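The lines below spell out each chain.
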Amino acid sequence: MTTALSVDREPDQSGGRPTPATDARNWLARTGGQNLGLIGAMALVLAVFGWLNPNYLSWNNIQVIAEAATISGLLAVVQTIVIICGGLDISVGSQAGLASVTSAMVFTSTGSNSLLGIGAAVAIGAGIGIFNGVVIIYGRVNPTIATLAGLAAYKGVAQLISNGSAQGYVLNDSLFVFLSRGKIAGLPVMVWLLLLVAAAVHVLLRYTDIGRNIYALGGNDTAARLAGINLNKYLIAVYALSGMVAALAGILLTARTGSGQPVSGSEGLELQAITAAALGGCALKGGKGGVGGTLLAVALLGALQNGLTVQGINAFWQNVAQGALLVAAVVIQQRRARERAVGLPA
């Protein structure tokens, strides 16, 4: 959620109560223009597809949308932190695929021990994240280039150890079944996990010194360094967190499909994550953004994708729509920041 502005409540002339206009301004300030636009877009998508197909708004289909958006949502939430601190992680989709294969293969090789499979996947994710951070900091490699290389490399490792095919079968295990099919208070467990991770990240960013330092790092790294913030430590920790959450997404991918998937199900997740973060208000230069806007964008993308699928529209058009949304989000950011056009005078 974008940072809320402080707006004084102006009393009216009759009794000291805030006027409707003041209430509206306060609400708009708390919600943020970016989030308000996403809410409006979501309402439009729901209205259009609900009119085209009444079953689109059924509770069953809403749960389908939520479950389908969970994996990309986890990556989008953690991508939010990476972007806020001034970085970018294009390799999260490949990390999820490698974690998926790892969880299934360790599960199978240890006599169906799901905890060891999950633990190994999380450890792999943390290790990859730390490695990314070290390459970026000590190798002095641009985050985009470093993680673009990781996108190819980690996908290749997943294909090598799995021979390019799905590995294991995990739906004979109660824990994986619970993750994929369980429900708590009527909501799928996968959705609860996304909400839990999102809430934890929101608290970290908004209510802790660590979060304030992350915003400072992305907003002005020179000023942050002069203020005594250990930039290297924060960047490595952020990328390690990115790897661990990507591993969680890979574990859920394994649970959902019933086997470890080296590529299928994880390819393209990085674009979805970056698109959701940008639509949610994250400035790609760093220093601005929040989890609330990202979750709204994840929901919007999920609803749009499901609606197009329900209407039988070619899946290729979904990629076109996603790319167009990313460009639109960046254009809006540049306009708001009053950035001059490339190649033109200020």
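All figures in this text were calculated on a predicted structure; none of them were measured in a lab.

1. Looking at the overall build of the protein
Then step 1. Within the protein, the regular secondary structure consists of 14 helices and two strands.
Then step 2. Per-residue burial over the protein gives 46% buried out of 346 residues.
Then step 3. Put simply, of all contacts in the protein between residues at least 6 apart along the chain, 75% involve residues at least 24 apart.
Then step 4. Summing over all exposed atoms, the protein offers an accessible surface of approximately 16800 Å²; the carbon and sulfur share of this is 64%.

2. Focus on a nonpolar patch on the surface
Then step 1. Taken together, the side chains of Leu 44, Val 48, Trp 51 and Leu 52 present a nonpolar region at the surface, about 460 Å² in accessible area.
Then step 2. Position of Leu 44 among the secondary structure elements: in helix α2 (residues 33-52).

3. A look at the environment of Asn 163
Then step 1. Secondary-structure assignment places Asn 163 in the loop between α6 (143-162) and α7 (174-181).
Then step 2. Residue classification places Asn 163 among the exposed positions, given a relative accessible area of 71%.

4. Focus on the environment of Ile 81
Then step 1. By secondary structure assignment, the location of Ile 81 is in helix α3 (residues 59-84).
Then step 2. Those residues within four positions of Ile 81 in sequence are excluded, and the remaining contacts are Val 201, Leu 205, Ile 214, Val 238 and Leu 241.

5. Some remarks on the nonpolar core
Then step 1. Counting residues in each nonpolar core, the largest one holds 78 residues, and the members touching the most others are Leu 205 and Ile 214.
Then step 2. Sorting elements by how many residues they give to this core places helix α11 (residues 231-257) first, with 14 residues.
Then step 3. Those residues in contact with Leu 205 that sit more than four places away from it in its chain are Ile 81, Ile 84, Gly 211, Arg 212, Ile 214, Tyr 215 and Val 291.

6. Some remarks on the packing of aromatic side chains
Then step 1. Per the stated rule, a full pass over the model turns up two aromatic pairs.
Then step 2. When the centroid spacing of 5.5 Å and the interplanar angle of 80° are considered together, the rings of Phe 107 and Phe 176 count as edge-to-face. Within this pair, whereas Phe 107 is found in helix α4 (residues 92-109), its partner Phe 176 is found in helix α7, the two being separated by 69 residues in sequence. You'll find Phe 107 and Phe 176 in the same group, each marked buried.

7. Here we look at the confidence of the model for the protein
Residues shown with low pLDDT carry predicted positions that ought not to be read at fine detail.
Then step 1. Per-residue pLDDT for the protein averages 84, and the proportion of residues at 70 or more is 86%.
Then step 2. Note on residues 1-16: pLDDT is under 50 here. Beyond four places in sequence and across chains, it has 33 contacts.

8. A look at the environment of Arg 212
Then step 1. Its location among the elements puts Arg 212 in helix α9 (residues 209-219).
Then step 2. The exposure class of Arg 212 is partly exposed, given its relative accessible area of 44%.
Then step 3. Residues in contact with Arg 212, not counting those within four places in the same chain, are Leu 205, Arg 206 and Tyr 207.

What counts, and where the lines are drawn
Per chain, residues are indexed from 1 in the order of the written sequence. Per-residue local features of the predicted model are confined to residues with pLDDT of at least 70, and side-chain atom pairs are confined, for both listing and counting, to 80 or more; whole-chain, interface and lining totals are unaffected and use all residues. Values shown for side chains rest on all heavy atoms present in the structure; no hydrogens or waters enter the calculation. A helix here means a DSSP run of H or I that spans at least four residues, while a strand means a run of E at least two residues long, and both kinds are numbered starting from the N terminus. When accessible area is computed with a 1.4 Å probe and restricted to protein chains, residues below 20% of their type maximum are described as buried, those above 50% as exposed, and intermediate ones as partly exposed. Any pair of residues with heavy atoms lying within 4.5 Å of one another is described as a contacting pair. Note that accessible areas follow from Shrake-Rupley with a 1.4 Å probe, and for residues the cover is restricted to the protein chains shown. Patch membership needs two things, relative accessible area over 30% and no salt bridge, and members are linked within 9 Å if like-charged or within 5 Å if nonpolar (Val, Leu, Ile, Met, Phe, Trp, Tyr). Only one rule defines a salt bridge in this text: a Lys or Arg side-chain nitrogen within 4 Å of an Asp or Glu carboxyl oxygen. Residues belong to a common nonpolar core when they are buried Ala, Val, Leu, Ile, Met, Phe, Trp, Tyr or Cys residues joined through side-chain atoms within 4.5 Å. Under the pairing criterion, centres of Phe, Tyr and Trp rings, with the six-membered ring standing for Trp, must be within 6.5 Å; the plane angle then separates stacked pairs below 30 degrees from edge-to-face pairs above 60, leaving the rest tilted. pLDDT gives the predictor's per-residue confidence on a scale running from 0 to 100.

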